Amino acid sequence: MISETIPAETDNEKMCLTEIEMERLIDVYGDHLLRLCTLYLKDTFLAEDALQDTFIQVWKKYGSFQGRSSERTWLTRIAINVCKNYLRSPWKARTDVKDLTELAGPGRNEFEQVDSHIDVMNAVLALKEKYRIVILLYYYEEYSVKEIADILSKKEGTVLTRLRRGRDSLHQLLEPKKGGF
């Protein structure tokens, strides 16, 4: 394979991102970012587009990565920003959570078997965006509160409050209906 250099320019400096390094970023973080975009956007096709746009942004802004956070945290922040921009778009589309189960795949915690937890996933996806994203990052992606605060540019206390309120909302959505069954 020929190692081609892809320039990534910033205002103050010019850094080079090799083709091999870009491939490494895609190999290491691609699946993680695609799952995150899919869960954030609730649309598998839109998520694929968001993933491509995320890596375009990574290529453009690689020179601005200063290492203050982990590479994974930095890439996640870019992906979330791209997803937010997609949600602002008037042509955004929605799919049912059942379409997400194939792509979401097995996680490492509560969402390990998405097919058996459709109700939980529907409830998470029904949360307000500010609660949904912290729940997904904390439980599904297993970020720490500090890492989530860095990703969202919020204080740790704000993240903790959103986690608590998100869990409370989930509890209300999932608690058995009174007088049912």
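Keep in mind the model is a prediction, meaning the values are calculated, not measured.

Draft legend 1. Spatial organisation of the overall build of the protein. Looking only at helices and strands, the protein features eight helices and two strands. Looking at the protein residue by residue over its 181 residues, the buried ones come to 43%. Across the protein, contacts joining residues at least 24 apart in sequence account for 64% of those joining residues at least 6 apart. For the protein, the exposed surface amounts to about 10,600 Å²; the carbon and sulfur share of it is 49%.

Draft legend 2. Focus on the confidence of the model for the protein. Per-residue confidence for the protein averages 76 on the pLDDT scale, and 71% of its residues sit at or above 70. Here residues 92-106 is modelled with pLDDT under 50, and outside its nearest four sequence neighbours on either side it reaches 38 contacts, counting other chains as well. Below pLDDT 50 for its whole length, residues 108-116 participates in 20 contacts with residues either more than four positions away or in separate chains.

Draft legend 3. Up close: the pattern of salt bridges. Following the criterion strictly, the structure yields five salt bridges and no others. Between Asp150 and Lys146 there is a salt bridge; the shortest N-O distance is 3.7 Å. Residue Asp150 and its partner Lys146 are both found in helix H7 (residues 145-152); the two are separated by four residues, about one turn of the helix. Asp150 gets classed as partly exposed once you look at its relative accessible area, which sits at 39%. Put simply, Arg164 and Asp168 hold a salt bridge, and the shortest N to O gap is 3.9 Å. On the criterion of helical spacing, the pair formed by Arg164 and Asp168 is a turn pair, its members being four residues apart in helix H8 (residues 156-174). Taking the relative accessible area as the measure of exposure, Arg164 reaches 43% and is therefore partly exposed. Classification of Asp168 by relative accessible area gives partly exposed; the value is 39%. Linked through salt bridges whose partners overlap, the residues forming this network are Glu21, Arg24 and Glu71.

Draft legend 4. Local environment of the layout of surface pockets. Estimated volume of the largest pocket: approximately 190 Å³. Lys61, Ser64, Ser69, Thr73, Trp74, Arg77, Ile78, Asn81, Asp150 and Ile151 together form the lining of the largest pocket. Only helix H3 (71-88) and H7 provide two or more residues apiece to the lining of the largest pocket. Here the residues of the lining of the largest pocket are counted per class, giving three nonpolar, four polar and three charged.

Draft legend 5. Structural detail: the nonpolar core. Counting 48 residues, the largest nonpolar core has Leu25, Leu41, Ile80, Ile133 and Leu137 as its most contacted members. No other element matches the 10 residues that helix H1 (residues 19-41) contributes to this core.

Criteria and thresholds
- Residues numbered from 1 in each chain as written.
- Predicted model: local features only at pLDDT ≥ 70, side-chain atom pairs only at ≥ 80, totals over all residues.
- Heavy atoms only, no water.
- Helix = DSSP H or I, 4+ residues; strand = E, 2+ residues; numbered from the N terminus.
- Buried < 20%, exposed > 50% of the residue type's maximum accessible area, 1.4 Å probe, protein only.
- Contact = heavy atoms within 4.5 Å.
- Areas by Shrake-Rupley, 256 points an atom, 1.4 Å probe, with all protein chains shown as cover.
- pLDDT = per-residue confidence, 0-100.
- Salt bridge = Lys/Arg side-chain N within 4 Å of Asp/Glu carboxyl O.
- 1 Å grid on protein atoms, 1.4 Å probe; cavity = no way out; pocket = protein on both sides within 12 Å on 5 of 7 lines; lining within 4 Å.
- Points joined across faces, edges and corners; volume = space filled by probe spheres on them.
- Nonpolar A, V, L, I, M, F, W, Y, C, P; charged D, E, K, R; others polar.
- Core = buried A, V, L, I, M, F, W, Y, C linked by side-chain atoms within 4.5 Å.

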